[in-house]
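# Secondary and tertiary structure notes
If you want the building blocks of each chain, they are given just below.
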Amino acid sequence: MLQTVKEKVCEGVRQLTKRTVLIPLVSVVTLLCVGFSVASVTIYTVYDEGQKTVFTSHSTIPTEALRENGFTWDSADTIEAPAYAENGEAQVKIVRGKTITLTADGKTQTLRVPGGKIADALQEQGIALGELDELSCARDAEVIDGMKVQLVRVTTYDRTETKTIRHSKKIITSYELTGGETKLQQKGEDGEKVLTYRVTMRDGVEVGETLVSETVTKEAKPEITVRGVKGGANTVRNGVITSRSGNFRYKKAIQVTATAYTCEGKSWNITKSGAVARVGLIAVDPRVIPLGTRMYIESPDGSFVYGTAVAADTGGAIKGNKIDLYFDTYRECINFGRRQMMVYILE
């Protein structure tokens, strides 16, 4: 039918062109064009939550056409359509929003939100999620109509406190004092440290804290007491050792770990210095006690006295504050074992 009308119009135009009156011809053509424009329609196919509807409209703007045909929507709904209909037809998809129940910030409310991820949907509603906030579902969970969501606000802050570091007490022995005599060498001083705790809050309620740093702002100083020692018949005082063998002046005292060795049953008996091994010639670390050094050796409490000795030998295991005492027999070495000893370097 539309083709028949078109043919008739064209025939009329041809007849009119044979006439000499120009202005009426232009008017007729204009009216015909307007008539065709008004008569043109667009066919819309609408999918609304799975329901299909087809209608026609003179509007080429999909949203206008939808309103003309009774479709409504709100901010939670999404309309997927071209900006303008082309070629006389258009497809439109309406994605309806979802209804969720949200419990957050001390209240429960029902919200209509767009589909998609729950975190994005809440953001659309002006509900921002903090970095530590917790949802009852994953942040990228898809929104489901009727779902219930709980939001817990999680925040942290740092709390600091200063604590006292109690000073320790240390007792050292000295032969400079007589047995039982004590002397305060250093007064003890408490120190301080600053502890920083990370406090966690859930919906405004403190639920725990974690120690994140500990900084010593003042070192503690130990209290040092010197206690005199008197061992056996020997006394060490004011740089002088008094023993049954006589008096010896010393210039330095060193506490060492002592072991024992012997040449009994061995094929060698020559020390590093070239002297024949015998009681009184001991092995040392020359970096600590040079070879040829004279010394007096006894235990810290004076219960064992080796007596005077000379550094004359070395050993692969004798490193640092270690010495090896010579004994005539293997049995004596076993009985001595390993002990802490005091070495007094004689003048």
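Everything quoted here is computed from the prediction, not taken from an experiment. (Residues numbered from 1 in each chain as written. Predicted model: local features only at pLDDT ≥ 70, side-chain atom pairs only at ≥ 80, totals over all residues. Heavy atoms only, no water.)

### With respect to the overall build of the chain
What the chain contains, in helices and strands, is 5 helices and 22 strands. For the chain, with 347 residues in total, the buried portion stands at 32%. Excluding contacts between residues fewer than 6 apart, the proportion of contacts in the chain whose partners are at least 24 apart in sequence is 61%. For the chain, the accessible surface area stands at approximately 21700 Å², while carbon and sulfur atoms represent 51% of it. (Helix = DSSP H or I, 4+ residues; strand = E, 2+ residues; numbered from the N terminus. Buried < 20%, exposed > 50% of the residue type's maximum accessible area, 1.4 Å probe, protein only. Contact = heavy atoms within 4.5 Å. Areas by Shrake-Rupley, 256 points an atom, 1.4 Å probe, with all protein chains shown as cover.)

### A word on the side chain of Thr45
One can find Thr45 in strand β1 (residues 42-48). Thr45 sits in the buried class, given a relative accessible area of 14%. Setting aside chain neighbours within four positions, we find Thr45 in contact with Lys52, Thr53, Val54, Ala90, Gln91 and Val92.

### Brief notes about the packing of aromatic side chains
If you walk through the whole model with that rule in mind, you get 7 aromatic pairs. Note on Tyr44 and Phe55: the rings are 5.5 Å apart at their centroids and 25 degrees apart in plane angle, and the pair reads as stacked. With a gap of 11 residues between them, Tyr44 in strand β1 and Phe55 in strand β2 (residues 51-57) connect regions that are remote in the sequence. With a relative accessible area of 0%, Tyr44 lands in the buried category. On the accessibility criterion, Phe55 (9% relative accessible area) is buried. (Phe/Tyr/Trp six-rings, centres within 6.5 Å; stacked < 30°, edge-to-face > 60°.)

### Some thoughts on the pairing of strand β4 (residues 89-95)
Because side chains alternate across β4, one face comprises the buried residues Ala90, Val92 and Ile94, and the other comprises Glu89, Gln91, Lys93 and Val95, none of which is buried. The pairing of β1 with β4 spans 6 bridges and is classified as parallel. For Thr45, the partnering residue across the bridge sits in β4 and is Gln91. (Pairing = 2+ DSSP bridges.)

### Re the state of the cysteines
The tally for this structure, following the rule as stated, stands at 0 disulfides. Just so you know, Cys263 is unpaired, no disulfide at all, and the nearest cysteine sulfur is the one on Cys333, 9.5 Å from it. Overall, the relative accessible area of 11% leaves Cys263 in the buried class. (Disulfide = S-S within 2.5 Å.)

### Here's the deal with the sheet that holds strand β13 (residues 205-218)
With antiparallel pairing, the 3 strands of this open sheet are ordered in space as β9-β12-β13. Looking along the sheet, the strands with just one partner apiece sit at the ends: β9 (154-165) and β13. When the angles between neighbouring strand axes are averaged without regard to direction, this sheet yields 20 degrees. Taken together, the 11 bridges between strand β12 (residues 191-202) and β13 define a ladder with antiparallel strand orientation. Within the sheet, the bridge partner assigned to Arg198 lies in β13 and is Thr210. (Axes fitted to C-alpha atoms, helices over the stretch in contact; angles between N-to-C directions.)

### Overview of the pattern of salt bridges
Per the counting criterion, the structure on display carries 16 salt bridges. Among the ionic pairs, Glu161 bridges to Arg159, the shortest N-O distance being 3.0 Å. Here Glu161 makes a salt bridge to Lys163, at a shortest N to O gap of 3.9 Å. (Salt bridge = Lys/Arg side-chain N within 4 Å of Asp/Glu carboxyl O.)

### Quick notes on the nonpolar core
Ile282, Ile289, Met295, Ile297, Ile323 and Leu325 are the most contacted members of the largest nonpolar core, which has 24 residues in total. For this core, the secondary-structure elements that each account for two or more residues are β17 (246-261), β18 (281-283), β19 (294-298), β20 (305-313), β21 (322-326), α5 (330-336) and β22 (339-346). Per-element tally for this core: the top contributor is β17, with 4 residues. Excluding its chain neighbours within four sequence positions, the residues that come into contact with Ile289 are Ile254, Val284, Met295, Ala311, Ile323, Val343 and Ile345. Of all hydrophobic cores here, the second largest spans 16 residues; its members include Ala119, Ala121, Ile127 and Met147. (Core = buried A, V, L, I, M, F, W, Y, C linked by side-chain atoms within 4.5 Å.)

### Considering the sheet that holds strand β8 (residues 148-152)
With mixed pairing, the 4 strands of this open sheet are ordered in space as β6-β5-β8-β7. Two strands lie at the open edges of the sheet, namely β6 (107-113) and β7 (134-135), each paired on one side alone. Pairing between strand β5 (residues 98-104) and β6: 7 bridges, direction antiparallel. The residue bridging Lys98 from the neighbouring strand is Val113, located in β6.

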